[in-house]
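Breakdown of the fold
Letter by letter, the chains look like this.
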Amino acid sequence: MVTIRTLASMRQKQEKIVCLTAYDYPTACILDKTGIDVILVGDSAANVFAGEKNTLPITMEEMLYHTRIVSRAVKNALVIADMPFLSYQTSIQDAVYNAGRFLKVGAAGVKLEGGAPILDAIKRLVALGIPVMGHLGLTPQSIHELGGYRLQGSTEESGAILIADAKSLEMAGCFAVVLEKIPASLAKEITASISIPTIGIGAGPFCDGQILVLHDMIGLFDDFSPKFVKQYAHVGEAIRQAVEQYRDEVRKGVYPDKAHSFD
Ligand code: KIV
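Note that the structure is predicted; figures quoted are calculated from it, not measured. Think of each chain on its own: its residues are numbered from 1, step by step along the sequence as written. Where local features are concerned, this predicted model is filtered to residues with pLDDT of at least 70; where side-chain atom pairs are given and counted, the filter is 80 or more; whole-chain, interface and lining totals use all residues. The side-chain values count all of the structure's non-hydrogen atoms but skip hydrogen atoms and water molecules.

1. A few points about the site of the ligand
Spelled out, the test is: Here a residue is considered near a molecule or strand provided that any single heavy atom belonging to it is located within 4 Å of it. Distance and chemistry together define a polar contact, namely a pair of N or O atoms within 3.5 Å, with one atom able to donate a hydrogen and the other to accept it when in protein, and with adjacent residues in sequence counting only for side-chain atoms on both sides. Shrake-Rupley sampling with a 1.4 Å probe provides the accessible areas, and residues are treated as covered by the protein chains on show and by no other component. For this classification, Asp, Glu, Lys and Arg are treated as charged, while Ala, Val, Leu, Ile, Met, Phe, Trp, Tyr, Cys and Pro are nonpolar and the rest, including Gly, are polar.
Taken together, Thr 21, Leu 40, Gly 42, Asp 43, Ser 44, Asp 82, Lys 111, His 135, Val 178, Ile 201, Ile 211 and Val 213 make up the full set of residues near the ligand. Asp 43 is positioned such that a nitrogen or oxygen atom in its side chain is 3.0 Å from an oxygen atom of the ligand. Side-chain polar atom of Ser 44 to an oxygen atom of the ligand: 2.5 Å apart, as the coordinates give it. The protein chains hide 95% of the 260 Å² of surface that the ligand would expose on its own. Grouping the amino acids of the shell around the ligand by side-chain chemistry returns five nonpolar, four polar and three charged.

2. Description of unusual backbone geometry
The condition is simple: The way it works is that DSSP assigns letters per residue, a run of H or I at least four long becomes a helix, a run of E at least two long becomes a strand, and they are numbered from the N terminus. A simple rule labels every residue: compare its accessible area, found with a 1.4 Å probe on the protein chains alone, to the largest value its type can have, and call it buried under 20%, exposed over 50%, or partly exposed in between.
Across the junction of Tyr 255 and Pro 256, the peptide omega takes the value 0 degrees, indicating a cis bond. Considering the arrangement of structural elements, one finds Pro 256 in the segment after α11 (235-252). Of note in the backbone geometry, Gln 14 takes a positive phi value of approximately 55 degrees without being a glycine. Structurally, the position occupied by Gln 14 is in the loop between α1 (4-12) and β1 (17-21). The backbone of Lys 181 shows a phi angle near 45 degrees, a positive value even though the residue is not glycine. Relative to the helices and strands, Lys 181 is located in the loop between β6 (176-180) and α9 (184-193). Looking at Lys 181, the relative accessible area reads 22%, which means it is partly exposed.

3. Description of the pairing of strand β3 (residues 78-82)
Keep this limit in mind: At least two bridges found by DSSP between two strands are what make those strands a pair. Here the term right-handed applies to a crossover when the path leading from its first strand over the helix to its second strand runs clockwise, the strands being oriented away from the viewer.
Here β3 lies mainly inside the structure; five of its five residues are buried. The side-chain alternation of β3 yields two buried faces, one formed by Leu 78, Ile 80 and Asp 82 and the other by Val 79 and Ala 81. Judged from the four bridges that link them, strand β2 (residues 38-41) and β3 form a sheet pairing that is parallel. Bridge pairing in β3 links Leu 40 to Ile 80. Both β3 and strand β4 (residues 109-111) contribute to a ladder of three bridges, which runs parallel. Considered in β4, the bridge of Asp 82 is made with Lys 111. Once the chain exits β3 it traverses helix α5 (residues 92-104) before rejoining the sheet at β4, and the crossover so formed is right-handed.

This is the structure:
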């Protein structure tokens with residue numbers, strides 16, 4: 001079973017850490033059987049599962065539901081739950097209470113977005129035995145402040161802030177940090193500046209691991225597709241073809257045939 005210690009030792013051995021998102025039982029079963037290391041119950045469920053424009057609307061109750069059914073499926077990977085917007089920013093007490101609820105439904109840790117403003121909450125969670133994954137760079141819960149899904153850390157000044165934030169997250173006790181949509185050279189510098197694993201998404205090849213949103217990389221969601229997403233399958237197209245064939249066979253009376261009926 002993958003633990004946060006496994007990830008630390010993978011970084012030491014320079015073995016790449018493979019992470020993907022999941023929100024439901026059958027998908028989590030498939031992912032876990034592939035032997036990937038981390039399954040994130042991402043708040044990207046708001047976008048690619050629920051069709052919202054951003055991640056802000058998803059609630060604690062919805063994230064708990066996704067986390068419970070994913071955790072039920074997973075036997076090997078490390079399950080991390082994304083803490084939704086307003087579940088940890090309001091107070092340390094809220095952060096502890098809500099993070100604890102994710103562990104109660106089966107997650108092995110939580111992910112929080114941001115740097116300096118949430119360091120005290122992270123320290124408290126870690127002190128209480130709740131593993132925390134950080135998330136820097138493009139932090140979708142701050143989409144309105146960032147002014148869009150744009151590249152982060154592209155100036156010397158903003159890059160330096162991200163390096164300092166990554167060091168603070170390590171000091172606060174995070175076991176890993178996601179780096180989203182930043183230049184590859186900056187991700188390389190951050191990875192060299194800290195000793196916890198960096199997990200990149202749109203952050204180039206130099207991170208200790210990579211994460212993608214499953215629905216993006218299997219072609220199940222195409223409302224928008226960031227440049228960094230590589231599509232490994234066209235599942236949406238496969239579903240469309242299957243449904244069209246079923247539709248035609250029902251209309252023509254071809255289905256159900258003898259093989260799919262009872263005497
Ligand atoms: O919500 C999510 O899926 C994420 C990943 C993209 C890192 O935060």
